[in-house]
Amino acid sequence: MNVLVTGGAGYIGIHTCVALLEKGHTVIVADNFCNSTVDSVNKAMEITSKEIVFYHIDVTDEQALESIFSQHKIDGVIHFAGLKAVGESIMLPLTYYFNNIVSTMLLAKVCLKHQVNRFIFSSSATVYGEQKVPFIETLEPLPTTNPYGETKAMSERILTDIAKANPTFSVSLLRYFNPIGAHPSGLIGEAPNGIPNNLMPYITQVASGKREKLSVFGNDFFTVDGTGVRDYIHVMDLAEGHVAALDNLTAGVHIYNLGTGQGTSVLQLIQAFEEANRLEIPYEIVNRRPGDISSSYANVSKAKRELSWTAKHDITAMCRDAWRFENNREQIKIR
Ligand code: NAD
Ligand code: UD1
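So, here is what we can say about the structure in this document. (Residues numbered from 1 in each chain as written. Chains lettered and ligands numbered in written order. Predicted model: local features only at pLDDT ≥ 70, side-chain atom pairs only at ≥ 80, totals over all residues. Heavy atoms only, no water.)

Another aspect to go through is the sheet that holds strand 2 (residues 26–31). Read from one edge to the other, the open sheet built from seven strands follows the order 3-2-1-4-5-6-11, with strand pairing classed as parallel. Sheet topology places strand 3 (53–56) and strand 11 (252–258) at the edges, where each strand pairs with a single neighbour. Averaged over all pairs of adjacent strands, the angle between their axes in this sheet comes to 20°, without regard to strand direction. Bridge analysis of strand 6 (residues 170–176) against strand 11 gives seven bridges, and the strand direction is parallel. Paired with Arg175 across the strands is Asn257, a residue of strand 11. Packed onto the sheet, helix 8 (residues 235–247) meets strand 1 (2–6), strand 4 (76–79), strand 5 (118–124), strand 6 and strand 11 and runs at close to 160° relative to strand 6. (Pairing = 2+ DSSP bridges. Helix = DSSP H or I, 4+ residues; strand = E, 2+ residues; numbered from the N terminus. Axes fitted to C-alpha atoms, helices over the stretch in contact; angles between N-to-C directions. Contact = heavy atoms within 4.5 Å.)

As structure tokens, this is what we get:
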């Protein structure tokens, strides 16, 4: 298939491009590089020895989208493009609603016009809010505590309504749990700008000496050791989940959790990282981060049943691959 990957230069997008290319698909990337660089696209081509056609465009620019759809016969789209920093979304709600919602609507509009009927959307486990774990797809989404989360819930509803009104349109809403890790080559991975918001990139920056110590946000949650529990998934497993969703897409709307089904606490992740990489991660316990929930992990039986997909990498592999990528980046900077 010819697959248009919006936001394809970003962290999850580029790993998905590699997985698609390795399965024989043709990949066209559209990205404005607001949170990535063309370097990742070059690295993905190096890994796979295959070509990626890429367009430096904003997905909120309808003319630019039109131009891509008229130049290529697109069979399906995977829509990763979006802004994703929770704290920033509270400061800049209009920026987040505009970027994340308008991009989804325009992409769907152009797909309908060009009869492109396969649409895969990057949603998030954040739409579940705080409810009983494991989260299963039949649970009703709850209002989230921030505009970022709302853009995911709204995009899900918009795409659902579009699919209802257009019976040949097929949509897969993929609710990611916590992607971490990197391609085993160490060439592509997560490279956040500034101070990382998420746990694993913070840990790898402490490991490299860029940050002094990790702040553990609260140890008074009702969990195994009091620290927050999440379902960490290797980004290559997540990437394979997209290929499976695309290959198995049928008309209508399909929601899938993409996680491992296993919960890991912050302290357990620190310990796993230390053991996997023989490094010490200094940390201190601080107050809870506002908006954080206690536990989030997936019921993954639907993806297994309908997509024949399950995550394969364990926490040790995630920790090793995350560190290999960060360590490579640091070595390149030193040289
Ligand atoms: P990322 O920031 O690394 O990638 C997003 C990409 O989209 C970047 O390359 C960015 O430059 C591009 N982009 C943003 N707005 C654009 C626009 N208007 N036009 C063109 N390109 C644009 O983020 P990621 O971690 O790879 O996340 C990908 C998607 O998955 C996002 O929609 C995110 O909200 C969602 N998601 C991520 C996580 C996570 O933990 N990383 C969890 C759940 C959902
Ligand atoms: C966060 C976002 C969520 C988003 C997800 C993926 C918030 C409130 N939630 O989720 O909307 O979908 O990222 O981008 O920001 N932790 C520390 N110290 C740190 C960083 C994190 O202790 O420096 C803890 C957190 O309290 C949490 C766990 O580590 O228990 C994972 O945090 P994080 O990686 O930010 O992911 P989420 O909180 O699941």
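From this point, the narrative continues.
Attention shifts here to the site of ligand 2. Residues in close proximity to ligand 2 total 18 residues, the closest being Ser215, Phe217, Arg230, Arg289 and Asp292. Thr126 is positioned such that a nitrogen or oxygen atom in its side chain is 3.4 Å from an oxygen atom of ligand 2. At a separation of 2.8 Å, an oxygen atom of ligand 2 approaches a polar side-chain atom of Arg289. Across the complex, the protein chains shield 87% of the 750 Å² of accessible surface that ligand 2 would expose by itself. Top contributing element to the shell around ligand 2 by residue count: strand 8 (residues 214–217), with four residues. (Near = heavy atom within 4 Å. Polar contact = N/O pair within 3.5 Å; in protein donor to acceptor, adjacent residues only side chain to side chain. Areas by Shrake-Rupley, 256 points an atom, 1.4 Å probe, with all protein chains shown as cover.)

Within the structure, ligand 1 sits among 26 residues, and Asp31, Asn35, Ser36, Lys84 and Asn99 are positioned closest to it. The contact in question runs from a nitrogen atom of ligand 1 to an N or O atom on the backbone of Val59, over 2.9 Å. Take Lys152: an N or O atom from its side chain is 2.9 Å from an oxygen atom of ligand 1. For ligand 1, whose free accessible area comes to 820 Å², the fraction covered by protein is 95%. Among the elements of the structure, helix 1 (11–22), strand 5 and helix 6 (147–165) are those that each provide at least two residues to the shell around ligand 1. Here the shell around ligand 1 is composed, by residue class, of 12 nonpolar, 10 polar and four charged. (Nonpolar A, V, L, I, M, F, W, Y, C, P; charged D, E, K, R; others polar.)

Turning next to the packing of aromatic side chains. On inspection of all chains with the given rule, the structure shows six aromatic pairs. Aromatic pair Phe135 and Phe177: ring centres 6.3 Å apart, planes at 35°, arrangement tilted. A residue pair is termed long-range when its members are at least 10 positions apart, and Phe135 in the loop between strand 5 and helix 6 and Phe177 in the loop between strand 6 and strand 7 (178–180) qualify at 42 residues. Here Phe135 and Phe177 have matching classes, each one buried. Here the aromatic cluster, defined as three or more aromatic residues joined through ring pairs, consists of Tyr128, Phe135 and Phe177. Positioned above the aromatic ring of Tyr128 is the side chain of Arg175, whose terminal nitrogen or guanidinium carbon lies 4.9 Å from the ring centre. A cation over an aromatic ring shows up here: Arg288 above the ring of Phe221, its NZ or CZ 4.0 Å from the ring centre. (Phe/Tyr/Trp six-rings, centres within 6.5 Å; stacked < 30°, edge-to-face > 60°. Buried < 20%, exposed > 50% of the residue type's maximum accessible area, 1.4 Å probe, protein only. Lys NZ or Arg CZ within 6 Å of the ring centre and 35° of its normal.)

Quick look at the side chain of Thr260 now. With respect to the helices and strands, Thr260 occurs in the loop between strand 11 and strand 12 (264–265). A polar contact is formed between the side chain of Thr260 and the side chain of Asp231, at a distance of 2.7 Å. In terms of polar contacts, Thr260 uses its side chain to reach the backbone amide nitrogen of Gln262, at 3.0 Å. When neighbours within four sequence positions are excluded, Thr260 is seen to be in contact with Asp231, Tyr232, Ile233, Val300, Ala311 and Met318.

Position of Leu279 among the secondary structure elements: in the loop between helix 9 (266–277) and strand 13 (283–286). For Leu279, a relative accessible area of 27% puts it in the partly exposed group. Remark: the alpha-carbon pair of Leu279 and Ser208, spanning 71 residues in sequence, is separated by 9.7 Å. Here Leu279 is in contact with Ala207, Phe273, Glu274 and Trp323, once residues within four sequence places are set aside.

Glancing now at the pairing of strand 3. As defined by bridge partners, strand 2 adjoins strand 3 across four bridges and the pair is classed as parallel. Bridging from a neighbouring strand, Ile28 pairs with Val53 of strand 3. With respect to chirality, the unit in which strand 2 leads through helix 2 (residues 38–48) into the neighbouring parallel strand 3 is right-handed. (Right-handed = clockwise from strand over helix to strand, strands pointing away.)

Let us now look at the pattern of salt bridges. On inspection of all chains with the given rule, the structure shows 14 salt bridges. The salt bridge involving Arg175 is made with Glu156; its shortest N-O contact spans 2.7 Å. Here Glu156 lies in helix 6 and Arg175 lies in strand 6, a separation of 19 residues in the sequence. Across the pair, exposure class does not vary: Arg175 and Glu156 are buried alike. Asp321 serves as the salt-bridge partner of Arg324, at 2.6 Å between the closest nitrogen and oxygen. Within this pair, Arg324 and its partner Asp321 are both found in helix 11 (residues 315–334), separated by three residues, close to a single helical turn. Relative accessible area serves as the criterion here: at 32%, Arg324 is assigned to the partly exposed category. Residues participating in the shared-partner salt-bridge network are Lys210, Glu326 and Arg329. (Salt bridge = Lys/Arg side-chain N within 4 Å of Asp/Glu carboxyl O.)

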